[in-house]
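Residue strings, one per chain:
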Amino acid sequence: VVDGVVLFTACKRFSQLSPAIPRDFPLVFIDTPLNDIPYPSLLISSYTALYQGVEDLIRQGHTRIGYICDQVDLAYSAERLDAYRTAIRDFGLDLGEELVVYSDRKTHGAHVCAKELMEKGCTAIAVSNNQSATDAMKYLSGARLQLGRDVELLGFSGNDWYEYRTESIARVSQPVKEMARMAGQQLLEQIEAGVPAQPRTTVLHSSYIPKHKKEDA
């Protein structure tokens with residue numbers, strides 16, 4: 001028995017979940033952009049940070065910037081793909097969809113995508129999440145391609161970042177600790193008040209961390 005839940009779901013509508021949720025049960029949704037959630041919801045937007053990262057690569061002189069996309073049916077993935085496309089278009093690079101590859105963690109992982117992009121002549125690669133960043137770096141290391149010399153990588157920092165903490169790459173830093181703190185606080189408020197939650201959406205924003213700059217702890 002639990003007093004409340006912090007929930008992430010890939011469901012498209014709250015109505016898919018509501019039959020399983022007890023009346024007035026304390027609940028906080030994270031990274032779930034549903035329009036009809038009658039509970040507090042916390043979201044992270046990485047649009048601006050990813051756009052800034054791609055812009056930085058373009059200003060460094062890169063004209064063939066590939067992108068490894070996660071599942072497009074996930075809201076965060078669609079937002080990040082849009083940021084990449086918009087930056088490419090805003091700076092006049094005519095790449096179309098040639099350099100966008102889609103990762104499937106079961107059969108077509110980011111390491112395969114990175115190989116495809118390098119074979120297409122990319123000098124820089126942007127990714128949509130931290131797992132893709134880690135997998136891309138594993139491929140580049142195994143292929144003896146050096147970051148900063150053979151290719152630049154725009155990654156996402158995350159829980160498994162420690163594996164490559166010595167690598168100097170630009171990255172998008174998500175405020176996951178702040179989201180966790182706020183979710184816990186909002187859940188406790190519901191439990192202690194003993195009253196139904198009020199729907200409200202809070203959007204937190206990722207930060208762009210340029211290459212060689214240390215990330216705040």
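Check the entry above for the structure.
Report on the accompanying structure. (Residues numbered from 1 in each chain as written. Predicted model: local features only at pLDDT ≥ 70, side-chain atom pairs only at ≥ 80, totals over all residues. Heavy atoms only, no water.)

1. Some remarks on the pattern of salt bridges
Applying the stated rule across the entire model yields 8 salt bridges. As a salt-bridge pair, D150 and R149 come within 2.8 Å of each other at their nearest N and O atoms. Taking relative accessible area as the criterion, D150 reaches 29% and is therefore assigned partly exposed. Note on R149: relative accessible area 55%, which makes it exposed. Two residues, E152 and K211, come together in a salt bridge whose shortest N-O distance is 3.0 Å. Note that E152 is positioned in strand β7 (residues 152-156) and K211 in the segment after β10 (207-209), a separation of 59 residues in sequence. Judged by its relative accessible area of 11%, E152 is buried. (Salt bridge = Lys/Arg side-chain N within 4 Å of Asp/Glu carboxyl O. Buried < 20%, exposed > 50% of the residue type's maximum accessible area, 1.4 Å probe, protein only. Helix = DSSP H or I, 4+ residues; strand = E, 2+ residues; numbered from the N terminus.)

2. Section: the pairing of strand β2 (residues 27-30)
In terms of strand pairing, strand β1 (residues 5-7) meets β2 through 3 bridges, oriented parallel. The residue of β2 that forms the bridge with V5 is L27. Summarising the sheet, β2 and strand β3 (residues 40-45) pair through 2 bridges and their orientation is parallel. Paired with I30 across the strands is L42, a residue of β3. (Pairing = 2+ DSSP bridges.)

3. Some words on unusual backbone geometry
A positive phi angle, near 60°, is found at D24, a position not held by glycine. Locating D24 in the fold gives a position in the loop between β1 and β2. Judged by its relative accessible area of 44%, D24 is partly exposed. The phi angle at D31 is positive, at roughly 50°, despite the residue not being glycine. When you line up the elements, D31 lands in the loop between β2 and β3.

4. Observations regarding the environment of L145
When you line up the elements, L145 lands in the loop between α4 (130-142) and β7. Distance from L145 to L17, taken between C-alpha atoms, is 46 Å for residues 128 residues apart in sequence.

5. What about the packing of helix α3 (residues 110-119) against α4?
To describe two helices that pack against each other, one gives the angle between their axes and the distance between the axes. Viewed as axis vectors pointing N to C, α3 and α4 meet at an angle of 60°, and their least axial separation amounts to 7 Å. With respect to each other, α3 and α4 are oriented oblique. When the axes of α3 and α4 are compared, the crossing they make is right-handed. Residues A110, H111, A114, K115 and M118 of α3 form the contact with α4, whose own contacting residues are S132, D135, A136, Y139 and L140. Of the residues contributing to the contact of α3 with α4, the split by class is 6 nonpolar, 2 polar and 2 charged. (Axes fitted to C-alpha atoms, helices over the stretch in contact; angles between N-to-C directions. Parallel < 35°, antiparallel > 145°, perpendicular 65-115°, else oblique. Left-handed = near helix turned anticlockwise from the far one by under 90°. Contact = heavy atoms within 4.5 Å. Nonpolar A, V, L, I, M, F, W, Y, C, P; charged D, E, K, R; others polar.)

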